[in-house]
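Breakdown of the fold
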Amino acid sequence: MSAMTSENETISVRGACPHDCPDTCATLIDVRARDGRAIGFRGDPDHPVTQGWLCAKVRPYLDRVYAPDRLLYPMRRSGPKGGGQWARISWDEAIREITDRWKTIVAEHGAAAVLPYSFSGTLGLVQIGVAGIRFWSRMGACGLQRSICGAAAETAVKFTLGGRLAPDMRDVVHSKLIVLWGHNPASTSPHFMPFLREAQRAGAYVVVIDPRRTTTARSADEHLQPRPATDGALALGLMHVIFAEDLHDEPWLDAYALGWEALRERVMAYPPERVAAITGISEDQIVTLARRYATTKPALLKTSDGIQRHGNGGQTVRALASVPAVVGQYGVRGGGLFYSTSDYVQWNGAAVGHRAECPPEPRKVNMNRLGAALTGEVADPPLKSLYVFAANPVGATPNAGKIVEGLKRDDLFTVVHEQFMTDTAEFADIVLPATTQLEQVDLHRPYGHRHLQYNPAAIAPLGEAKSNWDVMRLLAAGMGYDEPWLQQDADEVLHEIIEASRPDNPTLTGITLQRLQAEGTVALAIDDESDIPFADGRFPTPSGKVELSCAAMTALGLDPLPDYIPPAEFVAGLDPDESGNQPLVLITGAAHHFVTTSMANQPALLAKEGTPFIEIHPADAAAREVTHGEDVIVSNERGWCTLRAVITEDVPPGVAVSPKGRWASLSSDRRNVNWVTPDAVADLAGQSTFHSNLVHVRPARRERAPGEAEVMMAAAD
Ligand SMILES: Nc1nc2c(c(=O)[nH]1)N[C@H]1C(S)=C(S)[C@@H](COP(=O)(O)OP(=O)(O)OC[C@H]3O[C@@H](n4cnc5c(=O)[nH]c(N)nc54)[C@H](O)[C@@H]3O)O[C@H]1N2
Ligand SMILES: Nc1nc2c(c(=O)[nH]1)N[C@H]1C(S)=C(S)[C@@H](COP(=O)(O)OP(=O)(O)OC[C@H]3O[C@@H](n4cnc5c(=O)[nH]c(N)nc54)[C@H](O)[C@@H]3O)O[C@H]1N2
Ligand SMILES: [Mo]
């Protein structure tokens, strides 16, 4: 080997993309032997689903890892909260200061006054799963209801089918009809798209149901644009037609479903004319889709979480999950429901959390109500400390203006563990530097395919960055907790959980930590019989059947049958604006080049996404005298923000779209769209209601919004 080659000799390390996406790509990191620097970041071509290519947002990952603005050292605030003045401190000082403050708070108010807030910066078992439970349980800290994303859908699918089991995404090539319902995989699950294209080339018919003409919708055979939050009615209407025209599969329902006659009774109330009035979709389209769905087999219904972020989200997903049953499409290759694969492995809860060895959880705070919780809704004891990791609530959580108000409290002690100075980290008392996936160990269980993926640390931590779990170990020692399960290293944690989980998870047969370390990606042990979910006719529900009528819901005081109930925000309405315009419904789904607020500070990706914008229909723009490309004020009773108007027929009249994820600190008004999103909770599981959101839109030039003078002043200095 020449001197030149050995100078640049690299080793390739197999890893896993940690971000909140069903695809969980297998990655290859090329590390230069000479100095341990990562110089290449690629998809692993050996992965059967992700197949060696990365999405546009993760491809430039090394820009993120080596970004000049990475947080590398612990820092203490040295000016007013949010004032941007920091002093570097050591880890020892940071841990001592945090644990001293907590000891005082616990003594005065109890540990319930300390709220840990984490969500989806990483989806790893150690760095979010274990780091989100063990230390906090030991402390007896305030619990967090993790309901910002898909809680209602998860619960609805569990009630209906018994678990989140979905087909192999490659099996879509067997489908003859694919309904992508409130789901935009071209942006949010890009590795599904090549398989979808293959199905289309083989003649499959693709229907997209989404108020917005998304990238996914553009390549569909048919695009239906219901009014937001009316899909429950649409699903009930499809079932109405199917039953009325005797297209249902009665022998299948008799054998495998519970309560189908009661459901048939319920859908009587949803004839096409009523559903057309509710959804804005024509009777003809409803009837045609119902007939097509009932007669084109196999038919796959694929959905995700975007569709259920509104007041009726839980019942909407109950209705969606019922549709395949009515035509006997569960247990069929190429058919059924694709929601999530998360329950193919259920990690042993005792090994993950060690809860039985801890004090009981004193209470839970719904993460969607963070602002309210910090400003008085939670009392006795009030929240006195907030510890944020792997989350950016100011950027990503509804009613953000309230969160900022809470974070400004002088008597709130806030610690943020982050890779970057986010909108949330700005308000911290202490900021701790976090490793990226390249610098930490983890194990991933994807929600879109059936593999496990091990991720070793490919490079040393940058600066003094530490992983979530390593910080928990320091905090545990600082608090004086001496349980051995608070001091294991990441691999020891994984070994314990895998060994404890295998006896109850046939899918883990033959899977050990050692094998994961050696192979990186390991397919779950799924045999021919279990390959197609529910092919044996058994559902892991209490009755063993698809529960179209669900006794567990009755027991909780919920409607046991799916129904359509308009979200409370829509019923309450919003007064017309000063020109007499009715409010628009604002939906705020995924941006193509970010994962929520992650990556939304990377210059190359920001350049692709452009100025924060809002799409409105030409008719709505005309009525509000808004011209294409000008700034508008988007407002309601919660707050306001400034966005650039994009006038387009991609959205229907009455609906506006502004993708989530923008950083307030990178916006001209230091706000983002979450200054207007609702913190009300939905009909099931404390679900967020981002999309049942009424707003007014008016040109920024016309008049100042309330509070805008403040922004002009901020911009002037
Ligand atoms: N590029 C990218 N990928 C991501 C993310 C990201 O931010 N960016 N986020 C990740 C996360 S956290 C998640 S949970 C998943 C979500 O994955 P998806 O659910 O696919 O993504 P969303 O964009 O939230 O919602 C999908 C679609 O639902 C539509 N929608 C909204 N309300 C309604 C409604 O009432 N009815 C119907 N029919 N459609 C509606 C929106 O217009 C949107 O196009 O994506 C993950 N992947
Ligand atoms: N308007 C609107 N807002 C939404 C939604 C919507 O539909 N509309 N969707 C919601 C959904 S679906 C979700 S899932 C939530 C997601 O909301 P969050 O979970 O808050 O996710 P992000 O905004 O991506 O912020 C994650 C942060 O974690 C940091 N991070 C990454 N890895 C690590 C790590 O290993 N350790 C530590 N300590 N930090 C790390 C990243 O730098 C980033 O700042 O957003 C919600 N926000
Ligand atoms: Mo999410």
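Just so you know, these numbers come straight off a predicted model, no measurement behind them.

This part takes up the sheet that holds strand β15 (residues 385-389). Taken together, 6 strands build an open sheet; the order of strands is β5-β4-β17-β16-β15-β6 and the sheet is mixed. Each edge of the open sheet is held by one strand with a lone partner, namely β5 (86-88) and β6 (114-118). On average, adjacent strands in this sheet sit at an angle of 20° to one another, irrespective of strand direction. In this sheet, strand β16 (residues 413-418) lies alongside β15 in parallel orientation, the contact comprising 5 bridges.

Attention now moves to empty space enclosed by the protein. A complete count under the given rule lists 9 cavities of 30 Å³ or more for this structure. For the second largest cavity, the calculated volume is near 100 Å³. Considering the residues around the second largest cavity, the lining is formed by Cys 17, His 19, Cys 21, Asp 23, Thr 24, Cys 25, Cys 55, Lys 57, Val 58, Pro 190, His 191 and Val 595. Residues belonging to the lining of the second largest cavity are distributed by class as follows: 7 nonpolar, 3 polar and 2 charged.

This part is about the packing of helix α10 (residues 231-244) against helix α14 (residues 283-295). Packing of α10 against α14 brings their axes to within 9 Å, and their N-to-C directions diverge by 65°. Taken together, α10 and α14 sit at an angle that is classed as roughly perpendicular. Note on packing geometry: the crossing formed by α10 with α14 is right-handed. Contacts between α10 and α14 involve Leu 234, Gly 237, Leu 238, Val 241 and Ile 242 from the former and Ile 286, Val 287, Leu 289, Ala 290, Tyr 293 and Ala 294 from the latter. The residue inventory of the contact of α10 with α14, partitioned by class, reads 10 nonpolar, 1 polar and no charged.

So, about the packing of aromatic side chains. All told, the structure shown has 14 aromatic pairs when counted by the stated rule. Ring centres of Phe 534 and Phe 539 lie 4.4 Å apart, and the angle between their planes is 15°; this geometry places the pair in the stacked category. Clustering of aromatic rings is evident, with ring pairs tying together Trp 102, Phe 135, Trp 136, Tyr 387, Phe 389 and Tyr 481. Positioned above the aromatic ring of Tyr 66, the side-chain terminus of Arg 37 is 3.9 Å from the ring centre. When the ring centre of Tyr 344 is taken as origin, the NZ or CZ atom of Arg 450, which lies over that ring, is 5.0 Å away.

Within the structure, ligand 1 sits among 31 residues, and Thr 188, Asp 210, Ala 229, Asp 231 and Phe 594 are positioned closest to it. In the model, an oxygen atom of ligand 1 is placed 3.4 Å from a nitrogen or oxygen of the Asp 305 main chain. At a separation of 3.2 Å, an oxygen atom of ligand 1 approaches a polar side-chain atom of Arg 309. Residues of the shell around ligand 1, tallied by class, amount to 12 nonpolar, 12 polar and 7 charged.

Along any regular strand, the residues point their side chains to alternate faces of the sheet. Burial along strand β22 (residues 584-587) is two-sided: Leu 584 and Leu 586 and Val 585 and Ile 587, pointing in opposite directions, are all buried. In the sheet, β22 pairs with strand β27 (residues 694-699) via 2 bridges, with the strands oriented antiparallel. Residue Val 585 lies in a different strand from β27, and its bridge partner there is Leu 694. One ladder, built from 3 bridges, connects β22 with strand β26 (residues 655-657); its direction is parallel. Bridge assignment links Val 585 to a residue of β26, and that residue is Val 655.

Time to look at the side chain of Ser 322. Assignment of secondary structure puts Ser 322 in helix α15 (residues 313-326). By relative accessible area, Ser 322 is classed as buried at 0%.

Evaluated as defined, the whole model comprises 0 disulfides. Cys 55 provides the cysteine sulfur closest to Cys 21, a residue in no disulfide bond, and the two sulfurs are 6.6 Å apart. Take Cys 21: its relative accessible area is 14%, and that puts it in the buried class.

With that settled, consider the packing of α10 against helix α12 (residues 260-267). It is the contact of α10 with α12, at a shortest axis distance of 9 Å, that shows an interaxial angle of 105°. In terms of their interaxial angle, α10 and α12 are classed as roughly perpendicular. Across the interface between the two elements, Leu 236, Met 239, His 240 and Phe 243 of α10 pack against Trp 260, Leu 263, Arg 264 and Val 267 of α12. A per-class count over the contact of α10 with α12 returns 6 nonpolar, 1 polar and 1 charged.

Let us now look at the nonpolar core. Ranked by size, the top nonpolar core spans 118 residues in total, and within it Trp 102 and Phe 135 carry the most contacts. Sort the elements by how many residues they give to this core and α10 lands first, with 9 residues. For Phe 135, the contacting residues outside a window of four places in its chain are Trp 102, Met 472, Leu 475, Ala 476, Met 479, Tyr 481 and Leu 486. Listed in part, the 32 residues of the second largest apolar core include Leu 383, Phe 427, Val 431 and Trp 675.

Our next topic: the site of ligand 2. Near ligand 2 you find 33 residues, and of these Ala 396, Glu 418, Thr 597, Ser 598 and Asn 674 are the closest. At 2.8 Å from an oxygen atom of ligand 2 is found a main-chain nitrogen or oxygen belonging to Asn 392. Relative to its unbound accessible area of 920 Å², ligand 2 is 98% covered by the protein chains. Residue classes in the shell around ligand 2 are distributed as 11 nonpolar, 17 polar and 5 charged.

This brings us to a negative patch on the surface. A cluster of acidic residues, Asp 246, Glu 250, Asp 254 and Glu 261, forms a negative patch on the protein surface. With respect to the helices, strands and loops of the structure, Glu 261 is situated in helix α12.

Attention shifts here to unusual backbone geometry. Peptide bonds are, in most cases, trans, and in most cases residues other than glycine have a negative phi. Between Lys 297 and the following residue, Pro 298, the backbone shows a cis peptide bond with an omega angle of 0°. The topology assignment puts Pro 298 in the loop between α14 and β12 (299-303). That bond from Asp 380 to Pro 381 is cis: its omega, 0°, falls within 30 degrees of zero. Tracing the chain through its elements places Pro 381 in the loop between α17 (370-377) and β15. The phi dihedral of Gln 51 falls on the positive side, at around 55°, and the residue is not glycine. Positive phi is not limited to glycine here, since Glu 625 has a value of about 55°. On the secondary structure map, Glu 625 appears in the loop between α27 (618-623) and β24 (631-635).

Attention now moves to helix α13 (residues 272-279). Turning to α13, its buried residues number three or more, namely Pro 272, Val 275, Ala 276, Ile 278 and Thr 279. For α13, the buried positions fall inside an angular range of 165° around the axis, keeping them on one side. Check the buried side of α13 and you find it contacts α10 and α14. Trailing α13 by a residue or two, Gly 280 shows a phi angle of about 80°, which is positive.

By the secondary structure assignment, Pro 68 is in the loop between α2 (61-65) and β4 (75-77). Accessibility expressed as a relative area gives 86% for Pro 68, which makes it exposed.

Attention now goes to the pattern of salt bridges. Per the counting criterion, the structure on display carries 39 salt bridges. Of the charged contacts, one joins Asp 343 and Arg 164 as a salt bridge, the two residues approaching to 3.0 Å between their closest N and O atoms. Highlighted residues: Asp 343 in the loop between β13 (336-338) and α16 (349-353) and Arg 164 in the loop between α6 (151-161) and β8 (177-181), separated in sequence by 179 residues. A relative accessible area of 11% means that Asp 343 is categorised as buried. Here Asp 411 ties to Arg 409 by a salt bridge, and the two come within 2.8 Å at their closest N and O atoms. Here the salt bridges do not stand alone but share partners, grouping Asp 171, Arg 333, Arg 450 and Asp 531 into one network.

The rules behind each value
- Residues numbered from 1 in each chain as written.
- Chains lettered and ligands numbered in written order.
- Predicted model: local features only at pLDDT ≥ 70, side-chain atom pairs only at ≥ 80, totals over all residues.
- Heavy atoms only, no water.
- Pairing = 2+ DSSP bridges.
- Helix = DSSP H or I, 4+ residues; strand = E, 2+ residues; numbered from the N terminus.
- Axes fitted to C-alpha atoms, helices over the stretch in contact; angles between N-to-C directions.
- 1 Å grid on protein atoms, 1.4 Å probe; cavity = no way out; pocket = protein on both sides within 12 Å on 5 of 7 lines; lining within 4 Å.
- Points joined across faces, edges and corners; volume = space filled by probe spheres on them.
- Nonpolar A, V, L, I, M, F, W, Y, C, P; charged D, E, K, R; others polar.
- Parallel < 35°, antiparallel > 145°, perpendicular 65-115°, else oblique.
- Left-handed = near helix turned anticlockwise from the far one by under 90°.
- Contact = heavy atoms within 4.5 Å.
- Phe/Tyr/Trp six-rings, centres within 6.5 Å; stacked < 30°, edge-to-face > 60°.
- Lys NZ or Arg CZ within 6 Å of the ring centre and 35° of its normal.
- Near = heavy atom within 4 Å.
- Polar contact = N/O pair within 3.5 Å; in protein donor to acceptor, adjacent residues only side chain to side chain.
- Buried < 20%, exposed > 50% of the residue type's maximum accessible area, 1.4 Å probe, protein only.
- Disulfide = S-S within 2.5 Å.
- Core = buried A, V, L, I, M, F, W, Y, C linked by side-chain atoms within 4.5 Å.
- Areas by Shrake-Rupley, 256 points an atom, 1.4 Å probe, with all protein chains shown as cover.
- Patch = residues over 30% accessible without salt bridge, like charges linked within 9 Å, V, L, I, M, F, W, Y side chains within 5 Å.
- Salt bridge = Lys/Arg side-chain N within 4 Å of Asp/Glu carboxyl O.
- Lys, Arg positive; Asp, Glu negative; His and termini not counted.
- Charge placed at Lys NZ, Arg CZ, Asp CG, Glu CD.
- Arc of directions from axis to C-beta.

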